[in-house]
Amino acid sequence: MGFLTSFAAAPLRKVAGAALILCALILTGCQEDLYTNLAEREANSMVATLQRNGIPAGRVLQEDGKMKVVVDKDRFSEAVRVLEDAGLPKQAFASMGEIFQQEGLVASPMQERAKMLYALSEELSKTVSEIDGVLSARIHIVLPDNDPLRREASPSSASVFIRHEPGLRIDPLIPQIKTLVANGIAGLSYDKVSVVPVAAPVAQPASTTQPMVSFIGLWMLESSVSRAMWIVGGLGLLVVVLIGALVAVVWRQRGQKTYQLESYR
């Protein structure tokens, strides 16, 4: 009786709101952060890729203004694999300004040369990776420190590794990539640039890799059963709370009417 009286003391709308919040918390507990500190455009691409592969995903705004991508706990490993096959999130490259931030008073010529090589590699890798269909790219540059007194100087060279989408026609792009790299590095000739393209594996749709099972008469993916159980449990709890609150309010009103009739007598 004390339990019902406590519900009767609060308005029915507040009780229903509390129950809805409880259900939301239950459902939120089924999700896990996949990637954090993302730009909005990158988060959109990741969510779209996951949804195209049959994996429910969403974006959540962080306190610092950046985005994070959340997925069901049961689909976490599958989501990571799908995004890796799609080359997401995109590889981050250091800019010239970040590399040449002065850390000490004086930098040796060898340090400055190493920084320059790394900066060139990062800038060119970023440019090549932005080609449509290219998932990731890495460029390794070799600039020999030739002795000016030697008659024969060792030529500069560069190696380009490209991981691309399975359906991309990479052969017509290779001459353009070699020209881009050769023109971006002083003293590097076209024939000294080698390109190694590797096609990413074809991603299998989620519906073909997971069996379908029946849950309370509904067919769904096996990994979605646990979430469905949470949803059904949350809705059942909401119904029980609302019924209890309604009964408590009705009993209280009936008690008040009985008290008023007895007072009139």
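The protein is annotated in an unreviewed UniProt entry as Lipoprotein from Mycoplana azooxidifex. Per UniProt, the protein has the following entry under Sequence similarities (unreviewed entry): "Belongs to the YscJ lipoprotein family."

S.K.: Please clarify how the overall build of the protein should be interpreted in this entry.
M.R.: In terms of helices and strands, the protein carries nine helices and eight strands. Counting only residues that meet the buried cut, the protein has 31% of its 265 residues in that class. Taking as baseline every contact in the protein between residues at least 6 positions apart, the subset at least 24 positions apart corresponds to 62%. About 17,200 Å² of surface is accessible on the protein, with carbon and sulfur atoms providing 59% of the total.

S.K.: What exactly am I supposed to notice about the sheet that holds strand S1 (residues 31-38) here?
M.R.: Paired through backbone hydrogen bonds, the strands of a sheet run either parallel or antiparallel to each other. Pairing is antiparallel in the open sheet, where three strands are placed in the order S1-S3-S2. Among the strands making up the open sheet, the edge pair consists of S1 and strand S2 (57-61). The mean inter-strand angle of the sheet, taken between neighbouring strand axes irrespective of direction, is 25°. As paired elements, S2 and strand S3 (residues 67-72) share five bridges and run antiparallel to each other. Of the residues in S3, the one forming a bridge with Gly 58 is Val 70. Across the sheet, helix H3 (residues 40-52) lies against S1, S2 and S3, angled at about 160° from S2, the strand it touches most. Packing of helix H4 (residues 76-85) onto the sheet brings it into contact with S1 and S3, and relative to S1 it is tilted by some 35°.

S.K.: Is there a simple way to think about unusual backbone geometry in this case?
M.R.: Residue Pro 89 is bonded to the preceding Leu 88 through a cis peptide linkage, with omega at -5°. Tracing the backbone through its elements, the reader meets Pro 89 in the loop between H4 and helix H5 (96-99). Even without being glycine, Asn 37 reaches a positive phi, approximately 55°. Mapped onto the secondary structure, Asn 37 falls in strand S1. Accessibility expressed as a relative area gives 47% for Asn 37, which makes it partly exposed.

S.K.: Explain the pairing of strand S6 (residues 193-199) to me, please; I cannot follow it from the model alone.
M.R.: In the case of a regular strand, side chains alternate between the two sheet surfaces. In the sheet, strand S5 (residues 157-164) pairs with S6 via seven bridges, with the strands oriented parallel. Within S6, the position partnered with Ala 158 by the bridge is Val 193. Note on the crossover from S5 through helix H7 (residues 174-184) to S6: the handedness is right-handed.

S.K.: I keep staring at the environment of Tyr 35 and nothing clicks. Help me out?
M.R.: With respect to the secondary-structure elements, Tyr 35 resides in strand S1. Among the residues examined, Tyr 35 registers a relative accessible area of 23% and is labelled partly exposed. Once residues lying within four places of it in the same chain are set aside, the contact partners of Tyr 35 are Met 46, Lys 68, Val 69, Leu 83 and Pro 89.

S.K.: Sorry if this is basic, but what is going on with the nonpolar core here?
M.R.: As a rule of thumb, nonpolar side chains are buried together in soluble globular proteins. One finds Ile 139, Val 160, Ile 162, Ile 177 and Val 181 to be the most contacted residues of the largest nonpolar core, which totals 21 residues. Of all the secondary-structure elements, those providing two or more residues to this core are helix H6 (109-129), strand S4 (134-142), S5, H7 and S6. Every residue in contact with Ile 162, bar those within four places of it in the chain, is listed here: Val 128, Val 134, Ser 136, Ala 137, Ile 177, Val 195, Val 196, Pro 197 and Val 198. Counting residues in hydrophobic clusters, the runner-up holds 16 residues, among them Val 47, Ala 57, Ala 79 and Val 82.

S.K.: Can you walk me through the pattern of salt bridges in this structure?
M.R.: Opposite charge on two side chains makes pairing possible when the charged atoms of those side chains draw close. By the definition in use, this model includes five salt bridges. As a salt-bridge pair, Glu 40 and Arg 59 come within 3.7 Å of each other at their nearest N and O atoms. One end of the pair, Glu 40, is in helix H3; the other, Arg 59, is in strand S2, and 19 residues separate them in sequence. Residue Arg 75 pairs with Glu 78 through a salt bridge whose shortest N-O separation is 2.8 Å. By the burial criterion, Arg 75 is buried, and Glu 78 matches it.

Cut-offs applied
- Residues numbered from 1 in each chain as written.
- Predicted model: local features only at pLDDT ≥ 70, side-chain atom pairs only at ≥ 80, totals over all residues.
- Heavy atoms only, no water.
- UniProt positions renumbered as here; feature names shortened; annotations may be inferred.
- Helix = DSSP H or I, 4+ residues; strand = E, 2+ residues; numbered from the N terminus.
- Buried < 20%, exposed > 50% of the residue type's maximum accessible area, 1.4 Å probe, protein only.
- Contact = heavy atoms within 4.5 Å.
- Areas by Shrake-Rupley, 256 points an atom, 1.4 Å probe, with all protein chains shown as cover.
- Pairing = 2+ DSSP bridges.
- Axes fitted to C-alpha atoms, helices over the stretch in contact; angles between N-to-C directions.
- Right-handed = clockwise from strand over helix to strand, strands pointing away.
- Core = buried A, V, L, I, M, F, W, Y, C linked by side-chain atoms within 4.5 Å.
- Salt bridge = Lys/Arg side-chain N within 4 Å of Asp/Glu carboxyl O.

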